[in-house]
Amino acid sequence: MKRRTRRFILVSGLGCLGLLACVVLAMGALLFGGGRAKAADTAKNKIVYGLTLMPSGFDPYINSPSEMGIALRSVYDTLVYRDPATKLFVPGLAASTDIAADGLTYTFKLRTDVVFHDGTPFNAVAVAHTLDRIIAPDTHSQKARFLLGPYDHYTIVDPFTIQIVLKRPYAPLLDGLAQFYLGIASPKALDAVEVDRYQFHQVGTGPFMMVEYIPGDHLTLRRNPAYKWGPAFYHLPATDHAVDEITFRFFEQPATRTSALESGEAQVMGEIPPTDAALLAGNENYKLYPQAIPGMPSQFFFNTAQPPTDALEVRQALLDTTNRAAIVDAIFQQFSPPAVGPLNAVTPFALRPAAALYAFNTANALTLLNGQGYGLSTGDKILTRNGQPFHLVMIVPNWGFHPEIAQQIQSQWRELGIDLELRQVPNYGALLAAQKKGDYNLIAVNDFGVDASLLGRFYGSAANPSWTGFKNAELDSWLGAATASNDPKIQSDTYAKIQGRIMDQALVLPIRDYVNLNGASARVGGLTFDSYGWYPLLANLTLDAGAASAPPATPKS
């Protein structure tokens, strides 16, 4: 279908941040009717929610950062949901789901009472249109396409029945369909602009509607007054107390987050620094919401294609010489536990070893390195081999406390005579560019999710990007077997072997199990999170009726 771009003639004096901002505002007025100024008058309870990462893009079908979902989880509904309490699948836009005996065909009977934010009716054609967008080559999907697994095609059975057909059985499909990356979008909105422009005027069926997105500044959502088809864990508070407008602003520097809460610049904030979290926990004006996040820990992948980390013994030595408990104590103040494997402990099928893997042991590390020909040079206490210093390069993102972790590792390794060079990158796009260049020994990246199948995206031989460069046919076969079965016993045994192989081959340096420390004004109520841990259930948010609303979030000049 031919896509259209609309041009707008804009008058001066709108206070916009350049032409891009004006275009976005005009799109918002067109999509939601009545204009932005008129809609703003109806918003009674407004808050600012602090985001801690500025994604290079905000399109769930293109981009992959989890941070997007804090806002977009409530713009889109999904075919199915995971219940936050039980982690079991419950109906979403699909009233019922049937899986064929061979595991290849999933039949979804859709709700008939759902309408998109732009007035377009929801039906099987809309689901098909979203699937088409995700799998289209020009979308260049970084994650959504992966969540569909061995997707083959869809079949529209009738206006409210659609089948997804797979090339082979793939048990994690429902988990993928429950994530905001596979939320269903309005066909009209998808066709309105070119692929790379959709991020500015996204249209779903969720409890909140996108009003405007100004890259680098803010994203504003407004409550959908027609919303009535959400899952049971969407409680939809009374109108007088419901938060009906949320502006998301970016607070990438950890030092700015708590002060933003204290000044009233923000009413909710994620990833509060642990030292500040302890203070907030003892202050009646704020509430602390620690959330253990299923998925991968804070970690660094080893590049097995780059010397000297191409040697197994070197990677094992680096694991042995890293005091993870000390790092967690120094940075996370007991709010996060040390990680022991490729998955956080709260993730189903996570490795739970009887004894610590790669316990801190510098003597063993030196023995391994000596066996590789490394020895201390005279005077400068740097390990060398054939006259060359033991030099490593680590790529460090500037989010998730990775810089602080990297500095702790650098200090620990220096004590053993290892020269670790830290190269910080500002965003996920720069991280991908560094991976593609390949000039590194360690790189920090992780992913989050309830389903352990996410390991395949990082450790399979066909993984793209290949963060480790490791290829192993047996590991590939296990990854395939784990995703082909719905039998919990088979999954448990297979994922145990997968994680064992990953650690035996020292492919990753896990540091701490991820816990997101959320802080909020005590005036904010109903702050709960979905089963994936990161994403607030914005539909449930309330604001103390006796308190003034947060100041309107106007674009910064």
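Residues numbered from 1 in each chain as written. Predicted model: local features only at pLDDT ≥ 70, side-chain atom pairs only at ≥ 80, totals over all residues. Heavy atoms only, no water.

Per the secondary structure count, the protein chain includes 17 helices and 23 strands. Within the protein chain, the fraction of its 557 residues that count as buried is 57%. Excluding contacts between residues fewer than 6 apart, the proportion of contacts in the protein chain whose partners are at least 24 apart in sequence is 72%. Taken as a whole, the protein chain presents about 21800 Å² of accessible surface, with 54% of it coming from carbon and sulfur. (Helix = DSSP H or I, 4+ residues; strand = E, 2+ residues; numbered from the N terminus. Buried < 20%, exposed > 50% of the residue type's maximum accessible area, 1.4 Å probe, protein only. Contact = heavy atoms within 4.5 Å. Areas by Shrake-Rupley, 256 points an atom, 1.4 Å probe, with all protein chains shown as cover.)

Phe108, Leu177 and Phe248 are the most contacted members of the largest nonpolar core, which has 83 residues in total. Tallying contributions element by element places helix H4 (residues 124-135) first for this core, with six residues. With residues near it in sequence (within four places) discarded, Phe108 still touches Leu79, Ala94, Ser96, Thr97, Phe160, Thr161, Ile162, Ile164, Leu174 and Leu177. Of all hydrophobic cores here, the second largest spans 67 residues; its members include Val396, Ala444, Leu454 and Met503. (Core = buried A, V, L, I, M, F, W, Y, C linked by side-chain atoms within 4.5 Å.)

The next point concerns the sheet that holds strand S10 (residues 245-250). Backbone-to-backbone hydrogen bonds pair the strands of a sheet. The strands run either parallel or antiparallel. In spatial order, the strands read S8-S9-S10-S1-S11-S21-S12; together these seven strands make up an open sheet with mixed pairing. This sheet does not close on itself; its edge strands, each paired only once, are strand S8 (208-214) and strand S12 (286-292). Here S12 pairs with strand S21 (residues 515-521) via seven bridges, running antiparallel. Along S21, the bridge assignment pairs Ala292 with Val515. (Pairing = 2+ DSSP bridges.)

A few words now on the pattern of salt bridges. Considering all chains together, one arrives at 10 salt bridges under this definition. Measuring nitrogen to oxygen at the nearest pair gives 2.8 Å for the salt bridge that ties Lys143 to Asp447. Taken together, the residues span a long stretch of sequence, with Lys143 in the loop between H4 and helix H5 (144-147) and Asp447 in the loop between strand S19 (442-443) and helix H15 (456-459) at a distance of 304 residues. Each member of the pair, Lys143 as well as Asp447, carries the same accessibility label: buried. Between Arg423 and Asp439 there is a salt bridge whose closest N-O contact spans 3.2 Å. Here Arg423 is found in strand S18 (residues 419-425), whereas its partner Asp439 is found in the loop between helix H14 (428-437) and S19, with 16 residues between them in sequence. A cluster of three or more residues bridged by salt bridges with shared partners is formed by Lys143, Asp447 and Arg457. (Salt bridge = Lys/Arg side-chain N within 4 Å of Asp/Glu carboxyl O.)

This part is about the packing of helix H16 (residues 473-484) against helix H17 (residues 488-504). At a minimum axis distance of 9 Å, the contact between H16 and H17 shows a crossing angle of 150 degrees. Between H16 and H17, the crossing angle belongs to the class labelled roughly antiparallel. Crossing geometry of H16 relative to H17 is assigned as left-handed. The residues of H17 that touch H16, namely those facing Glu474, Leu475, Trp478, Leu479, Ala481, Ala482 and Thr483, are Gln491, Thr494, Tyr495, Lys497, Ile498 and Arg501. (Axes fitted to C-alpha atoms, helices over the stretch in contact; angles between N-to-C directions. Parallel < 35°, antiparallel > 145°, perpendicular 65-115°, else oblique. Left-handed = near helix turned anticlockwise from the far one by under 90°.)

The first and last C-alpha atoms of H4 sit 17 Å apart over 12 residues, in line with the 16 Å expected at 1.5 Å per residue. Counted residue by residue, H4 has nine buried out of 12 residues, so it is predominantly covered. The set of residues buried in H4 consists of Ala124, Ala126, Val127, Ala128, His129, Thr130, Leu131, Arg133 and Ile134. On its buried face, H4 is in contact with strand S5 (105-110), H5, strand S6 (151-158), strand S7 (161-166) and helix H7 (187-192). Two or three places before Val125, at the start of H4, stands the capping residue Asn123, its side-chain oxygen 3.1 Å from that residue's backbone nitrogen. (Expected span 1.5 Å × (residues − 1). Polar contact = N/O pair within 3.5 Å; in protein donor to acceptor, adjacent residues only side chain to side chain.)

What follows covers the sheet that holds strand S4 (residues 94-99). On the basis of which strands lie adjacent, the open sheet formed by four strands has the order S4-S5-S7-S6 and antiparallel pairing. Of all the strands in the sheet, just S4 and S6 have a single pairing partner and so form its edges. Taking each pair of neighbouring strands and ignoring which way they run, the sheet shows an average axis angle of 20 degrees. Note that S4 and S5 share five bridges and pair antiparallel. When the sheet's bridge partners are listed, Asp98 is paired in S5 with Thr107. Along the sheet, H4 contacts S5, S6 and S7; its crossing angle with S6, the most-contacted strand, is approximately 165 degrees.

Glancing now at the packing of helix H10 (residues 312-320) against helix H12 (residues 362-371). Relative orientation and spacing of two packed helices are given, respectively, by the angle between their axes and the distance between those axes. Where H10 contacts H12, the axes come no closer than 8 Å and their chain directions differ by 165 degrees. Taken together, H10 and H12 sit at an angle that is classed as roughly antiparallel. For the crossing formed where H10 meets H12, the hand is left-handed. Along its contact with H10, which presents Glu313, Val314, Gln316, Ala317 and Asp320, the element H12 presents Thr362, Asn364, Ala365, Leu368 and Leu369. Residues of the contact of H10 with H12, tallied by class, amount to five nonpolar, three polar and two charged. (Nonpolar A, V, L, I, M, F, W, Y, C, P; charged D, E, K, R; others polar.)

So, on to helix H11 (residues 324-332). Among all positions of H11, only Arg324, Ile327, Val328, Ile331 and Phe332 are buried. Along H11, the residues classed as buried sweep out an arc of 95 degrees about the axis, all on the same side. Phi turns positive, to about 50 degrees, at Gln333, one or two residues after H11. (Arc of directions from axis to C-beta.)

With that out of the way, let us pick up the pairing of strand S1 (residues 46-51). Counting buried residues in S1 gives six out of six residues, a clear majority hidden from the surface. Both faces of S1 are covered, namely the face carrying Lys46, Val48 and Gly50 and the face carrying Ile47, Tyr49 and Leu51. Across six bridges, S1 lies against S10 in parallel orientation. Following the sheet pairing, Val48 is matched in S10 by Thr247. Both S1 and strand S11 (residues 268-269) contribute to a ladder of two bridges, which runs parallel. Looking at the pairing, Gly50 lines up with Met269 of S11.

Checked against the element boundaries, Leu479 lands in helix H16. Note: C-alpha distance between Leu479 and Gln491 (12 residues apart in sequence) is 9.7 Å.

For the protein chain, mean pLDDT is 89; residues scoring 70 or higher make up 89% of the total. A low-confidence stretch, residues 1-40 (pLDDT under 50), is modelled with 63 contacts involving residues beyond four sequence positions or located in other chains. (pLDDT = per-residue confidence, 0-100.)

With respect to the helices and strands, Asn361 occurs in the loop between H11 and H12. Residues Asn361 and Asn323 lie 38 residues apart in sequence; the distance between their C-alpha atoms is 8.4 Å. Here the side chain of Asn361 touches Ala363 through a polar contact of 3.3 Å, landing on its backbone nitrogen.

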